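A structural walkthrough
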Amino acid sequence: MPKPNTPQVVLVTGGSSGIGKAVCAYLAAQGHTVYGTSRKPAGQAEGYQLIAMDLADEASVNQAVAEVLANSNRIDAVVNNAGLGIQGATEDLTPGQATALFDTNVMGAHRVVRAVLPQMRKQGSGLIINITSLAANFGLPYRGFYSASKAALERYTETLSMEVKPFGIRVASLQPGEYKTNIGANRIRPAQTSEPYKAGYNRAMELLGGSLHYSRDPNEVARLVERIMADPRPRTVYYAAHGKQRLAVLLKKLLPGRFFQRLMMQEYK
Ligand SMILES: NC(=O)c1ccc[n+]([C@@H]2O[C@H](COP(=O)([O-])OP(=O)(O)OC[C@H]3O[C@@H](n4cnc5c(N)ncnc54)[C@H](OP(=O)(O)O)[C@@H]3O)[C@@H](O)[C@H]2O)c1
């Protein structure tokens with residue numbers, strides 16, 4: 001791996017908004033060569049290059065990685081950040097909607113991993129950071145498929161980490177709590193909410209809208225990404241979360257399942 005504090009070539013998926021944009025701008029300001037991605041047309045952003053990539057399209061992912069290699073000849077780190085949210089009572093969401101979510105949040109990251117691993121193996125070094133979510137640890141009411149997609153990405157990351165270690169490639173996951181971004185506006189939603197779920201769903205969305213509005217600065221996640229990049233032996237999982245949100249991860253491990261569910265539902269009353 002490059003020596004700590006030396007400039008690295010970094011690919012960050014989803015560099016047009018929210019956490020990814022903050023990571024790109026922060027790493028670029030630290031002197032790294034940064035490529036962010038977006039489904040929209042490519043261009044120059046705050047100190048970094050924004051290149052076109054649609055995670056749902058393997059050819060587009062391969063093309064974006066080829067562009068990075070053509071310009072920089074190497075890829076030291078990849079931050080699999082791009083992702084979608086989803087909201088709705090589980091019964092109301094169609095399998096097609098859930099599949100679209102998994103296609104972006106899980107298979108999208110997998111497409112990127114497949115595109116960069118041959119180069120990282122050739123280099124004998126590389127770092128892959130998968131941005132999952134605190135939601136990977138528990139089923140969130142009315143966001144169950146989001147939790148499921150992030151839990152799937154966690155297990156994927158764990159396996160990948162063991163398989164590519166012999167090639168000098170480090171893999172870690174980073175679980176953010178709530179950060180102030182555009183994720184709420186872009187969530188997949190059900191066509192309609194059926195009557196029995198209306199009250200609970202509306203209450204949950206009201207709470208969620210309020211807490212996201214007051215949530216934290218994505219630059220915190222950007223600083224954590226740089227810390228992971230500088231660590232020759234990163235941990236398997238990092239948390240970017242505070243207070244009650246961070247405590248919930250510990251409680252989930254310690255408390256009997258039904259008791260934890262009661263605590264969770266109290267939050268949504
Ligand atoms: N915000 C939070 O509280 C929070 C908490 C935990 C985890 N996370 C995770 O953090 C990551 C970033 O989310 P965010 O909150 O920053 O959301 P955001 O502001 O909505 O940004 C999402 C980014 O993903 C990109 N993207 C979405 N679908 C894509 C696709 N099919 N192909 C390529 N790019 C795609 C978007 O780029 P274009 O639209 O320009 O293509 C955008 O740059 C996600 O994985 C999310 O699950 C967020």
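Here's what I pulled together on the structure shown here. (Residues numbered from 1 in each chain as written. Predicted model: local features only at pLDDT ≥ 70, side-chain atom pairs only at ≥ 80, totals over all residues. Heavy atoms only, no water.)

Here the focus is the overall build of the chain. The secondary structure content of the chain amounts to eight helices and eight strands. For a compact globule of 269 residues, the expected C-alpha radius of gyration is about 18 Å, and the chain comes in at 19 Å, within 12% of that figure. Along the first, second and third principal axes, the C-alpha atoms of the chain reach 55 × 40 × 30 Å. Looking at the 269 residues of the chain, the share that counts as buried comes to 49%. Taking the contacts inside the chain whose residues are at least 6 apart along the sequence as the reference set, 72% of them involve residues at least 24 apart. With an accessible surface of roughly 13100 Å², the chain has 53% of that area assigned to carbon and sulfur atoms. The average position of the 31 basic charges and that of the 20 acidic charges among the side chains of the chain differ by 6 Å. (Helix = DSSP H or I, 4+ residues; strand = E, 2+ residues; numbered from the N terminus. Rg over C-alpha atoms; globule rule 2.2 N^0.38 Å. Buried < 20%, exposed > 50% of the residue type's maximum accessible area, 1.4 Å probe, protein only. Contact = heavy atoms within 4.5 Å. Areas by Shrake-Rupley, 256 points an atom, 1.4 Å probe, with all protein chains shown as cover. Lys, Arg positive; Asp, Glu negative; His and termini not counted. Charge placed at Lys NZ, Arg CZ, Asp CG, Glu CD.)

What follows covers the packing of helix α7 (residues 243–254) against helix α8 (residues 257–267). Interhelical geometry of α7 versus α8 gives an angle of 160° and a closest axis separation of 10 Å. Comparing the axis directions of α7 and α8 gives the class roughly antiparallel. For the element pair α7 and α8, the recorded crossing hand is left-handed. Contacts between α7 and α8 involve K244, A248, L251 and K252 from the former and F260, L263 and E267 from the latter. (Axes fitted to C-alpha atoms, helices over the stretch in contact; angles between N-to-C directions. Parallel < 35°, antiparallel > 145°, perpendicular 65-115°, else oblique. Left-handed = near helix turned anticlockwise from the far one by under 90°.)

The eight strands are arranged β3-β4-β2-β1-β5-β6-β7-β8 in an open sheet whose pairing can be described as mixed. Each edge of the open sheet is held by one strand with a lone partner, namely β3 (43–44) and β8 (237–240). Across four bridges, strand β7 (residues 169–176) lies against β8 in parallel orientation. When the sheet's bridge partners are listed, Q175 is paired in β8 with Y239. In the packing of helix α4 (residues 144–164) onto the sheet, contacts are made with β6 (126–131), β7 and β8, and the angle to β7 comes to roughly 160°. Running over the sheet, helix α6 (residues 219–229) touches β1 (9–12), β5 (77–80), β6, β7 and β8 and is turned about 160° from β7. (Pairing = 2+ DSSP bridges.)

All right, on to the site of the ligand then. Taken together, the neighbourhood of the ligand is formed by 30 residues, with S16, S17, S38, Y146 and T181 sitting nearest. S38 places a polar side-chain atom, nitrogen or oxygen, 2.6 Å from an oxygen atom of the ligand. Interatomic distance of 3.2 Å between a side-chain N/O atom of N186 and an oxygen atom of the ligand. Of all the elements in the fold, those that place two or more residues in the shell around the ligand are α1 (18–29) and α4. (Near = heavy atom within 4 Å. Polar contact = N/O pair within 3.5 Å; in protein donor to acceptor, adjacent residues only side chain to side chain.)

L174, V225 and I228 are the most contacted members of the largest nonpolar core, which totals 28 residues. Only β1, α1, β5, β6, β7, α6 and β8 provide two or more residues apiece to this core. Sorting elements by how many residues they give to this core places α1 first, with seven residues. Discounting residues that sit within four places of it in the chain, L174 has contacts with I129, N130, I131, T132, S133, V221, L224, V225, I228, Y238 and A240. With 26 residues, the next largest nonpolar core counts A64, V65, V164 and V171 among its residues. (Core = buried A, V, L, I, M, F, W, Y, C linked by side-chain atoms within 4.5 Å.)

Moving on to a positive patch on the surface. A cluster of basic side chains, namely R227, R235, R246 and K253, defines a positive patch on the protein surface. Structurally, the position occupied by R227 is in helix α6. (Patch = residues over 30% accessible without salt bridge, like charges linked within 9 Å, V, L, I, M, F, W, Y side chains within 5 Å. Salt bridge = Lys/Arg side-chain N within 4 Å of Asp/Glu carboxyl O.)

Moving on: the side chain of S149. Tracing the sequence through the fold places S149 in helix α4. When sequence neighbours within four positions are dropped, the list of residues in contact with S149 reads L101, F102, N105 and V106.

Attention shifts here to a nonpolar patch on the surface. Taken together, L247, L250 and L254 make up a surface patch of nonpolar side chains, about 300 Å² in accessible area. Relative to the helices and strands, L254 resides in helix α7.

Looking now at the packing of aromatic side chains. A complete count under the given rule lists two aromatic pairs for this structure. Ring centres of Y142 and Y201 lie 5.9 Å apart, and the angle between their planes is 70°; on these two criteria the pair is classed as edge-to-face. With a gap of 59 residues between them, Y142 in the loop between β6 and α4 and Y201 in helix α5 (residues 198–213) connect regions that are remote in the sequence. According to the relative accessible area criterion, Y142 is buried, its value standing at 17%. Of note, R121 hangs over the ring of F167, and the distance from its end group to the ring centre comes to 5.9 Å. A cation over a ring is seen here: R246 above Y239, with NZ or CZ 4.0 Å from the ring centre. (Phe/Tyr/Trp six-rings, centres within 6.5 Å; stacked < 30°, edge-to-face > 60°. Lys NZ or Arg CZ within 6 Å of the ring centre and 35° of its normal.)

Turning to unusual backbone geometry, a few remarks are in order. As a rule of thumb, non-glycine residues mostly have phi less than zero, and peptide bonds are mostly trans rather than cis. With a phi close to 65°, N73 is a non-glycine residue in the positive phi region. Secondary-structure assignment places N73 in the loop between α2 (58–72) and β5.

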